[in-house]
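Here is what each chain is made of, one letter per residue.
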Amino acid sequence: KAGVTQTPRYLIKTRGQQVTLSCSPISGHRSVSWYQQTPGQGLQFLFEYFSETQRNKGNFPGRFSGRQFSNSRSEMNVSTLELGDSALYLCASSAGQGGYGYTFGSGTRLTVV
Amino acid sequence: DQQVKQNSPSLSVQEGRISILNCDYTNSMFDYFLWYKKYPAEGPTFLISISSIKDKNEDGRFTVFLNKSAKHLSLHIVPSQPGDSAVYFCAASVSGSRLTFGEGTQLTVNP
C-alpha cells in the first residue's frame, strides 16, 4: 500500500511569507503528526491530529498551525516565515496512538531566504 | 529540556563488528521506546521497539536493551554492514502519546 506522501518535496520562500505543507497518510491511518528537523536538534514535535482534532501540541509559536480533514489528510501552515524556520518538515501517520510507532513520509525541505 | 539524549553525534565501526548506539532519558514516565533509522533525503524508518516491562528485544541483527534504573537504552547491531550507515534516532513515549526523539547518532560502517 502507498506510504505517507508529503508535498511539495522542496520549497523556497522569502522571509515574511507564509507556507502550507501537505500530508496524505497511509490509507486507514487516522493519526497524523508533524515534526521539524533541524541540524543538531533532532526531531521536534509540532502537533498531532486524530480524527480532525488536535490531540497534542509541541512548544512552537502560534505562527505554526495545522489541521486535519475528514479524509485524514493534513496540512500545516507557517505564517510570517523567519530564517530559523528553514528545516525538514516530516509528517508521520499511525493507525492508533502515535507513541507506539509512526510511519514517516520523506519530508518537505523548506528553505527561507 | 531535552528529555531524550544521544550523547554521541557520530560512531564509526568496521564491517562485521558490533555497533552500539546509546540513548539516555530523564522522564521516568516513558514506558515505550523505539529506534528509527534515517537516510539523507528520506523520512525515518522504524527499526525496533521495546516496552518498559522488558529489558531486551531482538529482531535479527538488531537488539535493544533497556536499563530502567539507569534510564538508559542501547541498540546493538551485529554484524554491522555498510548499508547500516545512517543516522539513528531513539525515541520514547508515555502510554502511546507523542514520540520524543533524541538528536540522532550518525553511524558509519567502513568496509
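Values in this document were obtained by computation on a predicted structure and should not be read as measured data.

**Side note on the interface of chain A and chain B**
If you look at the interface, chain A gives 22 residues, while chain B gives 18 residues. Between chain A and chain B, the buried area comes to about 1,600 Å², and carbon and sulfur atoms account for 55% of it. The interface formed by chain A and chain B holds 0 salt bridges in total. At the boundary of chain A with chain B, the tally comes to 5 residue pairs in polar contact (both at pLDDT 80 or more).

**As for the side chain of Gln6 of chain A**
Residues and elements named next belong to chain A. Structurally, Gln6 can be placed in strand S1 (residues 5-7). Of the polar contacts made by the side chain of Gln6, one reaches the backbone nitrogen of Cys91; its length is 2.9 Å. Here the side chain of Gln6 touches Gly107 through a polar contact of 3.0 Å, landing on its backbone nitrogen.

**Some details on the nonpolar core**
Among the nonpolar cores identified, the biggest contains 23 residues, and Phe33, Trp35, Leu73, Leu75 and Tyr88 of chain B are the most heavily contacted of them. Secondary structure elements with two or more residues in this core: strand S3 (19-25), strand S4 (32-38), strand S5 (45-51), strand S7 (62-67), strand S8 (72-77), strand S9 (86-93) and strand S11 (105-110) of chain B. Sort the elements by how many residues they give to this core and S9 of chain B lands first, with 4 residues. Not counting the four nearest positions on each side in its chain, Phe33 of chain B is found in contact with Tyr25, Ile48, Ser49, Ile50, Ser52, Leu66, Leu73, Ala91 and Ala92 of chain B. Counting residues in hydrophobic clusters, the runner-up holds 21 residues, among them Ile26, Phe60, Leu81 and Tyr89 of chain A.

**Considerations on the environment of Ser12 of chain B**
Residue and element names in this part refer to chain B. Mapping Ser12 onto the fold places it in strand S2 (residues 10-14). In sequence terms Ser12 and Ser85 are 73 residues apart; their C-alpha atoms lie 9.0 Å from each other. Setting aside residues up to four positions removed in sequence, Ser12 forms contacts with Thr108 and Asn110. Looking at Ser12, its side chain comes within polar contact range of the side chain of Asn110, at 2.8 Å.

**What to know about the sheet that holds strand S1 (residues 4-5) of chain B**
Residue and element names in this part refer to chain B. Strand order across the open sheet formed by 5 strands is S1-S3-S8-S7-S6, with antiparallel pairing between neighbours. Where the open sheet ends on each side, the last strands, each with one partner, are S1 and strand S6 (56-59). Here S7 runs beside S8; their pairing, made up of 6 bridges, is antiparallel. Bridge pairing in S8 links Asn67 to His72.

**Regarding the pattern of salt bridges**
Residues and elements named next belong to chain A. For the coordinates displayed, the defined rule picks out 8 salt bridges over all chains. The closest approach of N and O atoms between Arg55 and Glu48, which form a salt bridge, is 2.8 Å. Two residues, Glu75 and Arg73, come together in a salt bridge whose shortest N-O distance is 3.4 Å. Judged by relative accessible area, Glu75 falls into the buried class, the value being 16%. Since its relative accessible area comes to 23%, Arg73 is described here as partly exposed.

**Points about the pairing of S5 of chain B**
Residue and element names in this part refer to chain B. The pairing of S4 with S5 spans 6 bridges and is antiparallel. Bridge pairing in S5 places Lys37 opposite Thr45. Counted between consecutive antiparallel strands, the loop separating S4 from S5 contains 6 residues, among which Ala41 sits at a positive phi close to 65 degrees.

**With respect to the sheet that holds strand S3 (residues 19-24) of chain A**
Residue and element names in this part refer to chain A. One open sheet accounts for 4 strands, arranged S1-S3-S8-S7; its pairing is antiparallel. The strands lining the two open edges of the sheet, one partner per strand, are S1 and strand S7 (64-68). With strand direction ignored, the average angle separating the axes of adjacent strands in the sheet is 20 degrees. In this structure, S3 lies alongside strand S8 (residues 74-78), joined through 5 bridges in antiparallel fashion. Among the inter-strand pairings, Cys23 is bridged to a residue of S8, identified as Ser74.

Rules used in this analysis
- Each chain carries its own residue numbering, running from 1 in the direction its sequence is written.
- The naming scheme follows written order: chains are lettered A onward, ligands numbered 1 onward.
- The predicted nature of this model means local features are confined to residues of pLDDT at least 70 and side-chain atom pairs, given and counted, to a pLDDT of 80 or more, with totals for whole chains, interfaces and linings taken over all residues.
- Excluding hydrogens and water, the side-chain values take into account all heavy atoms of the structure.
- Between two residues, a contact is recorded if the distance between any of their heavy atoms is within 4.5 Å.
- As a working definition, buried area equals the accessible area (1.4 Å probe) given up by two parts on being put together, with both sides summed.
- The salt bridge definition used is simple: a Lys or Arg side-chain nitrogen within 4 Å of an Asp or Glu carboxyl oxygen.
- In protein, a polar contact means a hydrogen-donor-capable atom and an acceptor-capable atom, both N or O and within 3.5 Å, with residues adjacent in sequence counting only if both atoms are side-chain atoms; elsewhere, any N or O pair within 3.5 Å suffices.
- Counting from the N terminus, the helices are the DSSP runs of H or I reaching at least four residues and the strands are the DSSP runs of E reaching at least two.
- Only buried residues count toward a nonpolar core. Its members are Ala, Val, Leu, Ile, Met, Phe, Trp, Tyr and Cys residues joined through side-chain atoms within 4.5 Å.
- Using a 1.4 Å probe on the protein chains alone, a residue whose accessible area is under 20% of its type maximum counts as buried, one over 50% counts as exposed, and one in between counts as partly exposed.
- Paired strands, as defined in this entry, are two strands with at least two bridges between them according to DSSP.
- Axis lines are fitted to C-alpha atoms, over the contacting stretch for helices. Their N-to-C directions set the angle, which ranges from 0 to 180 degrees.

These figures come from the coordinates and say nothing about function on their own.
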